[in-house]
There are 2 protein chains.
Amino acid sequence: MATIPLDIDGHRFGIDRAVEADVPALVGLLADDVLGAGRESLDLAPYLAAFREIDRDPNQLLVTVRDADGAVVGTLQLTLIPGLARQGATRLQVEAVRLASSARGSGLGSALFAWAHGYAREHGATLVQLTTDKTRTDAHRFYETLGYRASHEGYKLHL
Amino acid sequence: MATIPLDIDGHRFGIDRAVEADVPALVGLLADDVLGAGRESLDLAPYLAAFREIDRDPNQLLVTVRDADGAVVGTLQLTLIPGLARQGATRLQVEAVRLASSARGSGLGSALFAWAHGYAREHGATLVQLTTDKTRTDAHRFYETLGYRASHEGYKLHL
């Protein structure tokens, strides 16, 4: 896809499909997080292998957001999930949302989600879903501002 | 895949990859539910279209569970989601879990999830996740018995 430009109060950002060369910066964003810090590694090999899995699945879109200087300031992963329920509804799942601390509070998050909702509609999705850790109260407020409802419990099991 | 047999206290069940001919029975299970009843339709066309989308995506597995008489008594949908986070972890998402009321409390649900966790491991997933409506308190107890933790809020947005 061509770069999607976002213009927020005179600041220019761009949304791109992630490429392999973005992986180190994307992992840096994942690690620069209160919950993510302890979960990530300095070895890039598992991330590059995972990137290739994501990249070859047409129902996955890993996104890189850059500022006007080309610095990577955001990422999220979109997954289209077809399903029988709700009259055969396709849902869009959003995972691994991260904005650099420098980019928070700028309106970039809202603009990025507005674009993601458009992507969902273009692909026939009628529902967007995500889970967020119960301790991320700032994120909860953000998603509620966008119209999301915390209607479900998000259960996880580590194997 | 070949039918996976489940033997529960002398009752025989079988797990299969769903085929198109299963769609009417699977939609019947989705509609036979306190929350699902108002969401489903009598027109099969959208379900058949959705089935074909699911069936052609190698990261999706829609499951049909039958009893010894061949009656469809359960379903769930498994989605493998590769990702960068957690050192490139693949997660398995479980959607659209339904057991016929006749099959609840029999141990079938636990056996079906034990199989799904094995499927996750075989496909390299280290995390299994699902969301369940906050009003489904019986389901919450069930998942907690299986070791799941409600660590996340499940947000949904209808487009």
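Residues numbered from 1 in each chain as written. Chains lettered and ligands numbered in written order. Predicted model: local features only at pLDDT ≥ 70, side-chain atom pairs only at ≥ 80, totals over all residues. Heavy atoms only, no water.

Chemist: Can you tell me about the pattern of salt bridges, naming the residues and giving the values?
Modeler: All chains considered together, the criterion is met by 16 salt bridges over all chains. When the shortest N-O distance is used, the salt bridge between Glu153(B) and Lys134(B) registers 2.5 Å. Here Lys134(B) lies in the loop between β6 (125–133) and α5 (137–145) and Glu153(B) lies in strand β7 (residues 149–158), a separation of 19 residues in the sequence. On the accessibility criterion, Glu153(B) (14% relative accessible area) is buried. Look at the salt bridges and you will find they share partners, linking Asp16(A), Asp22(A) and Arg66(A) into a network. (Salt bridge = Lys/Arg side-chain N within 4 Å of Asp/Glu carboxyl O. Helix = DSSP H or I, 4+ residues; strand = E, 2+ residues; numbered from the N terminus. Buried < 20%, exposed > 50% of the residue type's maximum accessible area, 1.4 Å probe, protein only.)

Chemist: Describe the packing of aromatic side chains, and please don't skip the residues or the numbers.
Modeler: Following the criterion strictly, the structure yields 14 aromatic pairs over all chains and no others. When the ring of Tyr143(A) is compared with that of Tyr148(A), the centres are 5.7 Å apart and the planes differ by 70°; the resulting orientation is edge-to-face. Like Tyr143(A), the residue Tyr148(A) is buried in the burial classification. Between the aromatic rings of Phe113(B) and Tyr148(B), the centroid separation amounts to 6.3 Å while the plane-to-plane angle is 90°, which identifies the pairing as edge-to-face. (Phe/Tyr/Trp six-rings, centres within 6.5 Å; stacked < 30°, edge-to-face > 60°.)

Chemist: Give a detailed account of the pairing of strand β1 (residues 4–8) of chain B, specifying residues and quantitative values.
Modeler: Residues and elements named next belong to chain B. Sheet topology places β1 next to strand β2 (residues 11–17); five bridges connect them, and they run antiparallel. Looking across to β2, one finds that Ile4 is bridged to Ile15. In sequence, β1 turns back onto β2 through a hairpin of two residues, with Asp9 there showing a positive phi of about 50°. (Pairing = 2+ DSSP bridges.)

Chemist: Tell me what's going on with the relation of the copies chain A and chain B, and back it up with residues and numbers.
Modeler: Once chain A has been moved 0.0 Å along the axis and rotated by 180°, it coincides with chain B to within an RMSD of 0.0 Å. Those values place the two copies in the arrangement expected of a two-fold rotation axis. Looking at the interface residues of chain A, 100% of them are also at the interface in chain B, so both copies use one shared face. (Least-squares fit on C-alpha atoms with pLDDT ≥ 70 in both. Contact = heavy atoms within 4.5 Å.)

Chemist: Quick one: what's the story with unusual backbone geometry, residue by residue and with numbers?
Modeler: All names here are of chain B. Phi at Asp9 is positive, roughly 50°, even though this residue is not glycine. Relative accessible area serves as the criterion here: at 74%, Asp9 is assigned to the exposed category. Positioned with a positive phi, Arg86 is a non-glycine residue whose angle comes to about 55°. As for its placement among the helices and strands, Arg86 is situated in helix α3 (residues 85–88). A residue is classified by how much of its surface remains accessible, and Arg86, at 22% relative accessible area, is partly exposed.

Chemist: Go over the side chain of Gln77(B) with me, naming the residues and quoting the values.
Modeler: Checked against the element boundaries, Gln77(B) lands in strand β4 (residues 72–81). Here the side chain of Gln77(B) touches Pro82(A) through a polar contact of 2.7 Å, landing on its backbone oxygen. Look past the residues within four positions of Gln77(B) in its chain and what remains in contact with it is Ile81(A), Pro82(A), Gly83(A), Leu84(A), Ile54(B), Gln60(B), Leu61(B), Leu62(B), Gln93(B), Val94(B), Glu95(B) and Ala96(B). (Polar contact = N/O pair within 3.5 Å; in protein donor to acceptor, adjacent residues only side chain to side chain.)

Chemist: With reference to specific residues and values, describe the interface of chain A and chain B.
Modeler: With 59 residues of chain A at the interface, the matching set in chain B holds 59 residues. Taken together, both faces of the contact between chain A and chain B bury some 5700 Å²; the carbon and sulfur share is 59%. Ranking the residues of chain A by area buried against chain B places Leu84(A), Tyr155(A) and Leu159(A) at the top, with a combined share of 17%. Note that Arg91(B) is salt-bridged to Glu95(A), the shortest N-O span being 3.1 Å. The interface formed by chain A and chain B holds 30 residue pairs in polar contact (both at pLDDT 80 or more) in total. Among the elements that take part in the side of chain A that touches chain B, strand β7 (residues 149–158) of chain A stands out by supplying 10 residues, more than any other. For the side of chain A that touches chain B, the residue count by class is 25 nonpolar, 20 polar and 14 charged. (Buried area = accessible area lost by both parts, 1.4 Å probe. Nonpolar A, V, L, I, M, F, W, Y, C, P; charged D, E, K, R; others polar.)

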